[in-house]
Amino acid sequence: MENKKYTIGEFGRISGVSAKTIRFYDEKGLLKPIGYSEAGYRYYDESSFVTLQRILLLRYLGMSLEQIKETVCNSTLSLEESLQEQKKLLNEKKRHLDRVIDAVDKVQNAEEGQTWENLVEAIRILEVSDMIIKQYRSDDNLNRRISLHNYSTGKIPWADWVLENLELSEGMDILCLGCGNAANLVAIADNLPRNLTFLLTDYSEGMLEKAKENLATKQDVFEEKDIKISYQVADANCLALLGSYDRITANHMLYHVEKRQELFRKVKQLLKPDGMFCATTIGDTHMQELHEFVERFDAKIEVPFHRVSCGFHLENGREQLQTVFDHIECAICNSDLLVDAAEPVYEYVYSFPGNAAELIRDRKEEFLRKVEEIIERDGAFYIHKSTGMFRCRVNESREDIIARITRMEQYFDEIREATEKDTKAVHKDDALQKKWQELLAYYEGGQWLKDYECDERGELPRDLKRGVLSEDGVYNLISEIEG
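This text gives an overview of the structure that appears in the document. The shown structure was predicted, so the numbers you read here are calculated from the model rather than taken from an experiment.

1. A word on the sheet that holds strand β3 (residues 42-44)
The antiparallel open sheet is built from 3 strands, whose spatial order is β1-β3-β2. Of all the strands in the sheet, the pair left with one neighbour each is β1 (6-7) and β2 (35-36). Examined bridge by bridge, β1 and β3 share 2 bridges and lie antiparallel to one another. What sits directly across from Thr7, in β3, is Tyr43.

2. Examining the packing of helix α1 (residues 8-15) against helix α3 (residues 46-60)
In the contact formed by α1 and α3, the axes pass within 12 Å of each other and the chain directions differ by 50°. By the angle class used here, α1 and α3 are oblique. Of the two possible hands of crossing, α1 and α3 adopt the one that is right-handed. In this structure, α1 uses Phe11, Ile14 and Ser15 to contact α3, whose residues at the interface are Ser48, Phe49 and Leu52. Residue composition of the contact of α1 with α3, by class: 4 nonpolar, 2 polar and no charged.

3. Remarks on a negative patch on the surface
Taken together, the side chains of Glu365, Glu372, Glu373 and Glu376 present a region of like negative charge at the surface. Mapping Glu372 onto the fold places it in helix α18 (residues 364-378). Overall, Glu372 belongs to the partly exposed group, its relative accessible area being 44%.

4. Thoughts on helix α22 (residues 447-456)
Along α22, the residues that are buried comprise Gln447, Trp448, Asp451, Cys454 and Asp455. Buried residues of α22, seen end-on, are gathered within an arc of 125° and therefore sit on one face of the element. Where α22 is buried, its residues contact β8 (271-282), α19 (398-421), α21 (430-444) and α23 (471-482). Of the residues one or two after α22, Gly458 is the one with positive phi, at around 75°.

5. Concerning a nonpolar patch on the surface
Together, Tyr60, Leu90, Leu97 and Ile101 line one region of the surface with nonpolar side chains, adding up to about 380 Å² of accessible area. Looking at the nonpolar patch, the element that brings in the most residues is helix α5 (residues 79-108), giving 3 residues. Mapping Leu90 onto the fold places it in helix α5.

6. Some points on the packing of aromatic side chains
Evaluation of the coordinates by the stated rule reveals 17 aromatic pairs. A centroid spacing of 4.6 Å and a plane angle of 10° characterise the contact between Phe11 and Tyr44, whose relative ring orientation is stacked. Remark: Tyr44 occurs in strand β3 and Phe11 occurs in helix α1; sequence separation between them is 33 residues. Each member of the pair, Phe11 as well as Tyr44, is classed as buried. Geometrically, the ring pair formed by Phe293 and Phe297 is stacked, given 6.5 Å between the ring centres and 20° between the ring planes. Here the residue Phe293 and the residue Phe297 both occupy positions in helix α13 (residues 288-297), the gap between them amounting to 4 residues, near one helical turn.

Definitions and limits used
- Residues numbered from 1 in each chain as written.
- Predicted model: local features only at pLDDT ≥ 70, side-chain atom pairs only at ≥ 80, totals over all residues.
- Heavy atoms only, no water.
- Pairing = 2+ DSSP bridges.
- Helix = DSSP H or I, 4+ residues; strand = E, 2+ residues; numbered from the N terminus.
- Axes fitted to C-alpha atoms, helices over the stretch in contact; angles between N-to-C directions.
- Parallel < 35°, antiparallel > 145°, perpendicular 65-115°, else oblique.
- Left-handed = near helix turned anticlockwise from the far one by under 90°.
- Contact = heavy atoms within 4.5 Å.
- Nonpolar A, V, L, I, M, F, W, Y, C, P; charged D, E, K, R; others polar.
- Patch = residues over 30% accessible without salt bridge, like charges linked within 9 Å, V, L, I, M, F, W, Y side chains within 5 Å.
- Areas by Shrake-Rupley, 256 points an atom, 1.4 Å probe, with all protein chains shown as cover.
- Salt bridge = Lys/Arg side-chain N within 4 Å of Asp/Glu carboxyl O.
- Lys, Arg positive; Asp, Glu negative; His and termini not counted.
- Charge placed at Lys NZ, Arg CZ, Asp CG, Glu CD.
- Buried < 20%, exposed > 50% of the residue type's maximum accessible area, 1.4 Å probe, protein only.
- Arc of directions from axis to C-beta.
- Phe/Tyr/Trp six-rings, centres within 6.5 Å; stacked < 30°, edge-to-face > 60°.

Structure below.
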């Protein structure tokens, strides 16, 4: 069957887009006609509608015409795959809008004297959050930045240094906040202990997809070591997770989180009593030599990382964490960069959020020449790195223990009541299933035994409802549900 052709007028009437706009997209190389009539009139077909829809969606999401051209022209996605990708991007935009609305609400509801502070915060969210979302929608810019760190002077690679400081042991449960493309986990896969369980979370669905793709290259290692990995889209500003974890990590991402104190309190709830929260970040002087070089090359280039990371860095992180955690130590990674090639420096700067790519793209040869002059003069381009990890632990209070037992008791009662009506209830209700998984982790992960021993020592109030501490009760419920 012949593919129906549409003139530019018909195409415009059906799509609701003006002929002038369609011609403009043609001139920019975004939406080429499928052919021309003998008189030179443009023809379009059904595939043209697919391309136009994608262009309009990407414009709505804030992409420049150049970015849209690169995305559309290089795409090999089917219609179904394209729509799935667009849905992911729209969900990210929706989460960003929710942040903006929340910021505006804070300004409206601010107490007298706090309006200005909240207004400044709302402006920062509007400017920075959208920029970060665009940067981390895929891992292209992340890869450009990572490649520069191959020139590290550290005794061991960064990923190995992080692993060393995590102090992992067999059987641990690990929650990774803002996992990115999981490059670090790929790098340390061969050195991980056995029988670990990872939950990888990220704000970006696209980044999680890339993490799955990267970790698939180590699937044989994970299977041999009985390491289980699951994935979940999650916004650290409103973290809604259940479970309990031996380690919770947040690598170079807390400065993107507006509601850090809320997140820290949630992390404390999710940590097992002997668990540890590990957060890496940078310091004030991180990459200072590179930033100064960029400013000399073109002062118009935005170097936003200090502005982005100033919310949580090595100099101010401890005071924020100590409002929630009892024990905090900061480990510093002694490692700088000696870069003896110009291209990685260019790629790193090109990846900057903001206008860097636009300003240096047409001056690439000049940029490379300037870097090569430094390398020829000094032997290498020296760049100082200021990086480290905050390691945080909590001392559980009596109130914390009582709150946990009360929560588990509530889950126990809800699940038992639902199961009495329908033995498959847990498998039919997502909310109930999450509570069941947390109850199982509580019982099988050893926390139940510690609470039981605490009760045996008489450290809990006599009037506390404690049916969940009955081993027979929980065991019978597990047998009934798991069969």
